[in-house]
Structures are given as structure tokens and as C-alpha cells.
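# Per-entry structural report
Listed here are the chains, written in short residue letters.
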Amino acid sequence: MNAFRLALVGAPNSGKSTLFNGLTGGRAKVANYAGVTVERRSGALLTPAAHTVELIDLPGIYGLTARSLDERIAVDVISGREGKEKPPDALLVLVDAADLRTHLHLALQLKALGRPMLLALNMIDLAERDGVVIDIDKLQERLGIPVVATCATRKAGRAALLGRLDALIESSRRAGPSEGVATVAGLRSMQREARAIAKEVILKEPAMNKVTRAIDLVVLNPVLGPIILAVLLFLMFQAVFAWAQTPMDAIDNGFGALGAWIGEVLPDGWFKGLLVDGVIAGVGSVIVFLPQILILFAFILLLEASGYLARAAFMMDELMLRVGLNGRAFIPLLSSFACAIPGMMSARTIENENDRLTTILVAPLMTCSARLPVYTLIIAAFIPPTAVGWFNLQGLVMFGLYLTGIVSALVVATILKRTLTRGRPQPLLMEMPTYKLPDPRDFLINLAMRAWAFLKRAGKFIFGVSVVLWFLASNPSSAAGIRDSYAGMLGSWLEPLLKPIGFNLEIAIALVPGLAAREVAVGALGTVYAVQSGGNDTAGLAHALQTAWSLPTALAFLAWYVFAPQCLATMAVARREMNSWRWTTFMAAYLFAMAYIAAGATYWIARWAGL
Amino acid sequence: MKLIELPAGQTAYVAGFEAGTEELEAKLREVGFAEGDEVEMLTHGPFGAKTLAVRLNRSIIALRGPEAAAIRIELTP
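Notes on the structure follow.

What counts and how
Residues numbered from 1 in each chain as written. Chains lettered and ligands numbered in written order. Predicted model: local features only at pLDDT ≥ 70, side-chain atom pairs only at ≥ 80, totals over all residues. Heavy atoms only, no water. Pairing = 2+ DSSP bridges. Helix = DSSP H or I, 4+ residues; strand = E, 2+ residues; numbered from the N terminus. Axes fitted to C-alpha atoms, helices over the stretch in contact; angles between N-to-C directions. Contact = heavy atoms within 4.5 Å. Buried < 20%, exposed > 50% of the residue type's maximum accessible area, 1.4 Å probe, protein only. 1 Å grid on protein atoms, 1.4 Å probe; cavity = no way out; pocket = protein on both sides within 12 Å on 5 of 7 lines; lining within 4 Å. Points joined across faces, edges and corners; volume = space filled by probe spheres on them. Nonpolar A, V, L, I, M, F, W, Y, C, P; charged D, E, K, R; others polar. Parallel < 35°, antiparallel > 145°, perpendicular 65-115°, else oblique. Buried area = accessible area lost by both parts, 1.4 Å probe. Salt bridge = Lys/Arg side-chain N within 4 Å of Asp/Glu carboxyl O. Polar contact = N/O pair within 3.5 Å; in protein donor to acceptor, adjacent residues only side chain to side chain.

To continue, consider the sheet that holds strand β12 (residues 429-432) of chain A. Reading across the sheet, the six strands line up as β12(A)-β4(B)-β3(B)-β2(B)-β1(B)-β5(B) and stay open at both edges, with antiparallel pairing between neighbours. On the outer flanks of this sheet lie β12 of chain A together with β5 (71-74) of chain B, each paired with one strand and no other. The mean angle between the axes of side-by-side strands here comes to 40°, regardless of whether they run parallel or antiparallel. Sheet topology places strand β2 (residues 38-44) of chain B next to strand β3 (residues 52-56) of chain B; five bridges connect them, and they run antiparallel. Bridging from a neighbouring strand, Met41 of chain B pairs with Val54 of chain B of β3 of chain B. Against the sheet, helix α13 (residues 308-323) of chain A touches β12 of chain A together with β2, β3 and β4 (59-63) of chain B, its axis set at about 140° to β12 of chain A.

In C-alpha cells, the structure reads:
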């Protein structure tokens, strides 16, 4: 029997993703809708009567007028107009139970489509805690569709929903494509009907959530708000460096010990070289950064789940407006600190095409977590941990690198919005959700998905690159130094180009795979220097660099990494998201130019200053 | 009176829309504004922003000046 296809529909912040994770346990299949870049998340679940259901998580919508790419897909899938996607068998419509009055009209619009549907009053626990009382039977009667109160984070709340699904599956018939109401007159009458129903079924409706009101009094305060935001961001980056140190050391020692053990156990030969110098040195030097990447993602996930991220967008709106964008662009840019790929993808919620394009074009300038390995390595090797007032010089340099990225992003966006992507900024109109404590299970599922994606990349991509690079670096011979190897020959073609900005042959060799994925550059340096020294010292890369590089070279390398174009995966996503080779080429070209100029300037200024 | 003119901390009721375009009215309606709804001005954004945070029934909506000027309000229901 085919799975029953159930589409999850609701406004942004109605708790769709949490319910999806709750019902599927996070076992999601992530793909794209055919021909477009909108992510399609689906997962299987089993109802009490043993029906298999394919749950499809659709992008959030406020109504059936689609304005952004995301919304268009959601509306097309719902109304059965998305050609390549079979229309869903039924809709599971989510409405925030805490404010039924404001949100019920979406359910009415969807009902008018004539598809089988089930209405879930979601986050009922929070609504009840506020003192909201809803007559569910009455609502069901007035709407003529089944209604269930749900709570994604509690088992009982999910069980109630699953029970109602069986009845829906057994009674529903397939419906053809249908058209929705999207005129203002239609909307007005839907709203009137929704308000009339709400009046009847909401038995008690106290004032807005008191905690949210109290927090917002401080958090949205025009003076305190930006200070709190700055402190939070500072804490986030502090945590990335301070808390990650212990697990990073443990992982590093683990790989070092593994390499040493294999070095003793295996007989000398090419296989040992490949395993120890290629695979373990390469993959190990990247996995070391998993703790930092997890902490960064954890912060962003918590800010999002608690409801703070929308406030941050609100507060950044004026500054973003001066750049030519709007507050909404802040969220993609903030996500880009973790990784530019989810950042660029979350730009889809930006309705205005020029704004979306500009946001994508500058997203790579935000320092993504893959650059951390490079920064951490070079800073540890070359910058002394001298105290500067309350701070430490290493931390300040790191902060400076992040700041350079942010400032350049703002400058580039300002220039773009006044030249190539000119246009009026789109209005900001969004809901700021009620504050809630993030659900631990939901949080862990989301975090695990990120960690897995990183490890898969490290496993597949970096493993492959490490092996290929090891081969190129140790053949036909590396006895007389790396210059005689294939990698040396490749690197020496690039060397003349990179010499003026202070880069040596080893850097030239590491840069090529570093363009495939930034963090690979560390692995590549690990491989190149491990081969050169003929040893198997993964922990000592920083030490090796200290003797091989001058300080101006190290600083130039850091400057290069602030700007240099993204990993191939990001470039591929940028091309897909912008749907244009021209813009992608432009992006790569401007990033390369900035990287080259910045590295060159840094190198020569550092030399002139006698560093 | 328009929503944008509502002083912080005061409550009013949506009376109608003067959006100029159907598109803007539809947008405001979809996000939830409707005749008779209770609105309260909470605060404006930092850095001298024209971005406003408004309570609509039991929700909070962020919107900018031009959008807030498109919503007509009355001080009594």
C-alpha cells in the first residue's frame, strides 16, 4: 500500500518544524522540489492503526498569495498545481492555539480549497498556561473539519494527533487541483468569518503572555536591546573558543595516538604512509573542529527556538535598511556564521528578488565555521596569547577577522544595492513569536542533523581530498622535498601568481583543495608538512608552520581566508539559489579579487612595519 | 488616525485600511490585521528606526512606517 501523503501547513512560527521532528523523530529525507531550490523535508510515521504516512513539511505561509519562492512552492503543492509533485492526500493545518483569533483565517482559506484536512491547535500547552480556553468541539462543528489540540513536545499531544489521523485516512478521498481565494475581498470575508467563529469558540482569552511582554520590555528597548544583542553575540563567539578547547584537545590527542599506534603496528610502506599521513592527518585535523561548529550551531538553534532571532532581525532592521536591505536579511547573514549554505537557503524568505540576490552575494563574507580551523591554527601558531587589557591578543585577532568580514559584507551590500542590484527595499512585516523554552529533544534532533552533515562532508570530501593530495605529494618522489612531487609541480605553476602576496609553495599546494572546502586547507597543510617532515605528527602542525612561515605570510594567509571564495558546495548552492552562472561568476571573481588585494596589502604592510 | 500615530503603550482598534494598493492590503490582512482587532503600540526599533513592534490581539508584529501608515485605527472599539 502506498503511504498516505500528509502535508504540514501553517504560518511561520506555528511550530511546524518542531511537530515534524516530534512526529518523525528527526528521521527526515531532505531533498529539493524538482527544478527549484526549495528544500523538501519529508519523513515517515506509523499511525496506531498501522497506516504509513509520509509527512511533508511545507514552508510557512500566511495566506494563499505567494510572494516569495518558498511560499510559491507551498501554495502550489497545497493546491495540487506543483506539476512534478503529486498533490498531498490531505493537509494537516497548524494554527497557534494562543492566538486563534489572528490566525484562524488561514485555516478557512485552506478549507475553501476543498481538500481533506485536519486542523491542529498547536502549542496548546502554552496557550492553556496563559489561561486561554477554547471550545474545541464547537470549533469542529463550526468549521466542519476535525480539530485536535496538539503539543509537539509532549507524547500525549502527539498521540492525540496520531489517533485522529487514522479517521482522516480512512475517510478521505483524493481531490483534484483547486483554486484558492486570493483577492482582498475574499480575504476580508474569510477574516470576518474567522473572527465570528473565534468569538464563539474562544471561551477565555486573557491578555498577551506576561513573560513575553516582560522580556520584550527589556529586550526590545531601543537602548538596552542592541546592547543585549551585542553581548549575546560576544558570548556566542567566546563560547566557541573557550568551551570547545577541552573536547578539541581530546579529539586531537585521540587522532595523534591513533596515528602513532598505526605507525607502530603496520609495516613501513606506501599503505602506512597513506593511512597515517594522508587519511588520519587529513581527516583528523578537520574533525577536531566539530566541537566549535556544534557550539556555534547550538547557539543559533537556541536563539531561533526561543523566539529571540526574530527580535534580533527587528533590531537590525534600521541598520540593514541603511545598507539597502531589511531586517530579514540579518537572519541569513547570522546563519552564515555557521555555514553559508543554510544562510543562502534561508534568504528565500526575502520576497524582493534584488534583496535576496544581494544577501546571497555577501553571505560568503560572513565568517563561516569552516574558516575556524584555519584561523585557529594560524592564530595559535603565530599570535602570542599576550594580555591586552581585559582581553587576550589571540581573541582580539580572531574578533578582528570576524569584524573585517562583517564590515566588508555591509560595504559590499551597500555598493551592490546602489549599483547592480538597485531597487526599493521591501517592507518588513513579520510576526515575533512568543518566547518559549526550547524543547531539548527537538534541539538535539536539529543539532544532530547539523553534526551529521558536517561529519559526512569530512568523511566523504575531505577523506577523498586527503588521499589524492597525499598521493600527489609523495609521488613520484618526495625525497628531495615537496617540489619534486606532482603536488609540487602543480603548486609551482601557481607560485608566481601567489608569491607577490607572500605565499610559499606549500600554501599554493594547500590552496587548491582549500577552494574545494576551506577546512580542507588545514588538512592539506597537515598532509603537505607531514609528508615533508616524513613524520606522523598531526598535533605538531602549528609548530611546523612556525618554522616554515614568516609572520607577514601568516597574516596574509589569514587575510586571504577572510575573503577567498567559498567551498565548491557553497558555490554550487549559490548558483542554484541565484539561478545564474553570471552572478555566480561575479561572486567568485569579486571574492578572489578582494582576497588577493587584502592578502597582498597585509603582507606588504606587515613587512614594512618590520613584523 | 493611523497606526503609525499611536503613542507607545496605547491601545486602539483597527478600523480599516488605506493601503493605496490591493497588494499591501492583502499582505497586512494575511499577516493578521482585520477590522475590529485590538492593537497596541509597543516600541520602535533602535538607531532611530521607523520599524515598529505592535501587539495585534495576542501576537506581536514587526512592521515599518509605510505599512503602519496604511492601517486606520480608532481609539474605541
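This next bit is on unusual backbone geometry. Negative phi values dominate among residues other than glycine, just as trans dominates among peptide bonds. All names here are of chain A. One non-glycine residue, Asn13, lies in positive phi territory at about 75°. Here Asn13 lies in the loop between β1 (4-10) and α1 (16-24). Owing to a relative accessible area of 34%, Asn13 belongs among the partly exposed residues under this scheme.

Looking now at empty space enclosed by the protein. The rolling of a water-molecule-sized probe over the atoms marks out the regions of remaining empty space. In this structure the tally under the stated criterion is three cavities of 30 Å³ or more. Roughly 200 Å³ of volume is contained in the largest cavity. Forming the walls of the largest cavity are 23 residues, and the residues nearest its centre are Asn13, Asp96, Ala98, Met123 and Thr434 of chain A. The set of elements that each furnish at least two residues to the lining of the largest cavity consists of β5 (90-96), α3 (100-111), α4 (124-130) and β12 of chain A together with β4 of chain B. The greatest single-element share of the lining of the largest cavity, amounting to three residues, is contributed by β5 of chain A. Residues that form the lining of the largest cavity fall into these classes: 11 nonpolar, six polar and six charged.

Helices that pack against each other are described as a pair by the angle of their axes relative to one another and the distance between those axes. Residue and element names in this part refer to chain A. Taken N-terminus to C-terminus, the directions of helix α16 (residues 353-362) and helix α25 (residues 568-578) make an angle of 175°; their axes are 11 Å apart at the nearest point. The orientation of α16 with respect to α25, classified from their angle, is roughly antiparallel. Facing Arg356, Leu357, Ile360 and Leu361 of α16, the residues of α25 in contact are Ala574, Glu577 and Met578. Of the residues contributing to the contact of α16 with α25, the split by class is five nonpolar, no polar and two charged.

Our focus in this paragraph is the interface of chain B and chain A. At the interface, 38 residues of chain B touch 50 residues of chain A. Roughly 3700 Å² is buried in total at the junction of chain B and chain A, and carbon and sulfur atoms are behind 57% of that figure. When residues of chain B are sorted by the area they lose upon contact with chain A, Glu30, Arg58 and Arg64 of chain B head the list and together hold 26% of the total. At the junction of chain B with chain A, the criterion picks out five salt bridges. The shortest N-O distance in the salt bridge between Arg188 of chain A and Glu25 of chain B comes to 3.5 Å. Counting across the chain B and chain A interface gives 20 residue pairs in polar contact (both at pLDDT 80 or more).

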